[in-house]
Amino acid sequence: MTSPKLSTSLGKGAPPSTPPATVVTAAEPPAPVTSRKRGPRARRSTPLTIAMLAALAYFLLPLFWLLIASTKNTQDLFNSFGLWFSHAPQLLTNIKATFTQDDGVFVNWLLNTVMYAVVSALGAALLAAAGGYGFAKFRFRGDRLAFNVVLGAVMVPTTALAIPTYLLFAKAGLVNTPWAIILPSLVNPFGLYLMRIYAADAVPDSILEAARIDGAGEARIFFRIALRLLGPGLVTVLLFTLVATWNNYFLPLIMLNDPKLYPITVGLASWAAQAQNGGAGASSDMLALVVTGSLLSIIPLVVAFLMLQRYWQSGLATGGVKQ
C-alpha cells in the first residue's frame, strides 16, 4: 500500500500532467542536384601531360636510337633513317664482333669497369655513412667548420681536381694502377652531406642511448643498428657513386696508360679514334662496334637500378609517415 503522506505530497507537489505539444515544422525543400566534383585522381592537366611526354621523349629517344643503331653496320648508320631499322638488322653479329675484336679486349674493359665501379661505390657509401652518422649524432670541437668544408667541397668540380690528383699519385707511384681510379672515387662530399641529413632523422637518439645502456660499443652500434636504419640513404649514395665511376672518362684517361687497365669509357673512345683515323686494328665496321659496345655498357647500370629501386621506395614511405 502507498503511504498517505507520500500520496499527499505527490498530489500537492506534482503538476497536472499535460499532453506533449505537437511541433509542426515546415517541410524542407529537396536538396538541389549538383554535379559531383572530380577527385584528385580524375583531374587532368593538358600542359602538365605535354611536359611529361616531352621529358619522357627527351630521356628515352637517345636510348631508342642507341638500340636501333646497334643493329646496323657502319654504312647503314649514315644511309638509313636513324630511328628505324635497316633492311638487314645485325644486332647479334655486332655483339659477337664487339666481344671478339682485338682478342676480346672489350670483355677485359667490362670487367675492369665493374671492379672500379663496385669497389668504389661500396667504399664511398660506407665512408659517407660513417661520416654522415658522426656529424649527425656526435658533437666535437670544430664539427660545424668541418661540415662547412664538406659543403664547400661539393661545389668543386671533379675535373678541376684531376691534375692535382695525378701529380699526387705520381709522387706516390700509383699512376697506371687500379688504385688511381678507386681511391679518388672513395671521396664523395655530396654523399657525406646526404647521409648527414638522412642520419639526423632516420636514427633516433633513444635507440642509441638504449644500446649504450646495454653496454654496446660505438662501432657495434653503428654496424648493427645505425647502418641498417641508413639503408635507403646508403643505397642512394651507392648508386650515385656507381654511375659516376662507371661513366668516368677524364680521370682514367690521364691516370692509365695500359690498355688492359682501361674502363669501357676510355676503351670505346680509343676504338672511336681508330675508326676516325683508320689506325692499326681498325675495321670497316669499327664505328658500329663502338655503338654496340655503348649499348652493352649501359645494361649493367639498368639492372642495378631495377634491383635496388625498392630500397628507395621503402625509404620514401618511411620518411612520409610521422612517428
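All of these numbers come straight from a predicted model, not from anything done at the bench.

This part covers the overall build of the chain. Check the secondary structure of the chain and you find 15 helices and 0 strands. When burial is assessed residue by residue, the chain has 30% of its 323 residues classed as buried. The contacts in the chain between residues at least 6 apart in sequence include a share of 73% that link residues at least 24 apart. Accessible surface computed for the chain: about 21,500 Å², of which carbon and sulfur atoms make up 66%.

Attention shifts here to empty space enclosed by the protein. One pass over the structure, following the stated rule, counts 1 cavity of 30 Å³ or more. If you go around the largest cavity, the residues you meet are Thr 113, Tyr 116, Ala 117, Ile 181, Thr 245, Trp 246, Asn 248, Pro 252 and Pro 263. With 3 residues, the top contributor of residues to the lining of the largest cavity is helix α5 (residues 105-137).

Attention shifts here to the side chain of Lys 72. Here Lys 72 is to be found in the loop between α2 (46-69) and α3 (74-79). Asp 76 provides the closest opposite charge to the buried, salt-bridge-free Lys 72, at an N-O distance of 7.5 Å. Once you skip the residues sitting within four places of it in the chain, Lys 72 turns out to touch Leu 77, Ser 80, Phe 81, Gly 82, Trp 84, Phe 85, Ser 86, Gln 90, Asn 94 and Ala 288.

With that settled, the discussion passes to the packing of aromatic side chains. Under the counting rule described, the total for this entry stands at 12 aromatic pairs. Through a chain of ring-to-ring contacts, the aromatic side chains of Phe 99, Phe 106, Trp 109 and Trp 271 assemble into a single cluster. We note Arg 196 situated over the ring of Phe 147; from NZ or CZ to the ring centre the distance is 5.0 Å.

Our next topic: the environment of Met 255. As for its placement among the helices and strands, Met 255 is situated in helix α13 (residues 250-255). In this structure, the C-alpha to C-alpha distance between Met 255 and Ala 170, residues 85 residues apart in sequence, is 9.0 Å. The residues touching Met 255, leaving out its near neighbours within four places in the chain, are Thr 165, Tyr 166, Phe 169, Val 175, Asn 176, Ala 180 and Ile 181.

To continue, consider helix α14 (residues 264-277). The end-to-end C-alpha separation of α14 is 20 Å, in line with the 20 Å expected for 14 residues at 1.5 Å each. Buried within α14 are the following residues: Ile 264, Thr 265, Val 266, Gly 267, Leu 268, Trp 271 and Ala 272.

It is worth spelling out the packing of α5 against helix α9 (residues 189-202) at this point. Running from N to C, α5 and α9 cross one another at 50 degrees; their axes reach a closest spacing of 7 Å. Looking at the two axes, α5 sits oblique to α9. As α5 packs across α9, the resulting crossing turns out to be right-handed. Packed against α5, whose contacting residues are Ala 128, Ala 129, Gly 131, Gly 132, Tyr 133, Phe 135, Ala 136 and Lys 137, the element α9 presents Gly 191, Leu 192, Met 195, Arg 196, Ala 199 and Ala 200 at the interface. Class assignment of the residues belonging to the contact of α5 with α9 gives a composition of 9 nonpolar, 3 polar and 2 charged.

Glancing now at the layout of surface pockets. Its boundaries defined by the atoms lining it, the largest pocket holds a volume of some 700 Å³. Lining the largest pocket are 21 residues; nearest its centre among them are Thr 158, Pro 184, Ser 185, Val 187 and Pro 189. Counting residues per element, the ones that place at least two in the lining of the largest pocket are α6 (143-154), α7 (162-172), α8 (179-185), α9, α12 (231-246) and α13. Looking at the lining of the largest pocket residue by residue, the class counts come to 13 nonpolar, 8 polar and no charged.

For the rest of this paragraph, the subject is unusual backbone geometry. At Asp 103, a position not held by glycine, the phi torsion is positive, near 60 degrees. Backbone geometry places Asn 176, a non-glycine residue, at a positive phi of 65 degrees. Turning to its location among the elements, Asn 176 is positioned in the loop between α7 and α8.

One finds Trp 109, Tyr 133, Leu 230, Leu 242, Met 255, Leu 256 and Trp 271 to be the most contacted residues of the largest nonpolar core, which totals 47 residues. Top contributing element to this core by residue count: α5, with 11 residues. Beyond its immediate chain neighbours, meaning those up to four positions away, Trp 271 contacts Thr 98, Gln 101, Asp 102, Val 105, Phe 106, Trp 109, Met 286, Leu 289 and Val 290.

Bringing the confidence of the model for the chain into the picture now. With 81% of its residues at a pLDDT of at least 70, the chain reaches an overall mean of 83. Per-element confidence in the chain ranges from a low mean pLDDT of 43 for helix α1 (residues 4-13) to a high of 95 for α5. Taken as a whole, residues 1-18 scores under 50 in pLDDT and shows 2 contacts with residues more than four places along the chain or in a different chain. Low pLDDT, under 50, characterises residues 316-323; the stretch is placed with 0 contacts to residues that sit more than four places away or in other chains.

Take the pattern of salt bridges next. Applying the stated criterion across every chain, the model contains 3 salt bridges. Across the pair Lys 137 and Asp 205 runs a salt bridge, and its minimum N-O distance is 3.0 Å. Taken together, the positions of Lys 137 in helix α5 and Asp 205 in helix α10 (residues 205-213) put the pair 68 residues apart, joining distant regions of the chain. Residue Glu 218 pairs with Arg 212 through a salt bridge whose shortest N-O separation is 2.7 Å.

Parameters at a glance
- Residues numbered from 1 in each chain as written.
- Predicted model: local features only at pLDDT ≥ 70, side-chain atom pairs only at ≥ 80, totals over all residues.
- Heavy atoms only, no water.
- Helix = DSSP H or I, 4+ residues; strand = E, 2+ residues; numbered from the N terminus.
- Buried < 20%, exposed > 50% of the residue type's maximum accessible area, 1.4 Å probe, protein only.
- Contact = heavy atoms within 4.5 Å.
- Areas by Shrake-Rupley, 256 points an atom, 1.4 Å probe, with all protein chains shown as cover.
- 1 Å grid on protein atoms, 1.4 Å probe; cavity = no way out; pocket = protein on both sides within 12 Å on 5 of 7 lines; lining within 4 Å.
- Points joined across faces, edges and corners; volume = space filled by probe spheres on them.
- Lys, Arg positive; Asp, Glu negative; His and termini not counted.
- Salt bridge = Lys/Arg side-chain N within 4 Å of Asp/Glu carboxyl O.
- Phe/Tyr/Trp six-rings, centres within 6.5 Å; stacked < 30°, edge-to-face > 60°.
- Lys NZ or Arg CZ within 6 Å of the ring centre and 35° of its normal.
- Expected span 1.5 Å × (residues − 1).
- Axes fitted to C-alpha atoms, helices over the stretch in contact; angles between N-to-C directions.
- Parallel < 35°, antiparallel > 145°, perpendicular 65-115°, else oblique.
- Left-handed = near helix turned anticlockwise from the far one by under 90°.
- Nonpolar A, V, L, I, M, F, W, Y, C, P; charged D, E, K, R; others polar.
- Core = buried A, V, L, I, M, F, W, Y, C linked by side-chain atoms within 4.5 Å.
- pLDDT = per-residue confidence, 0-100.

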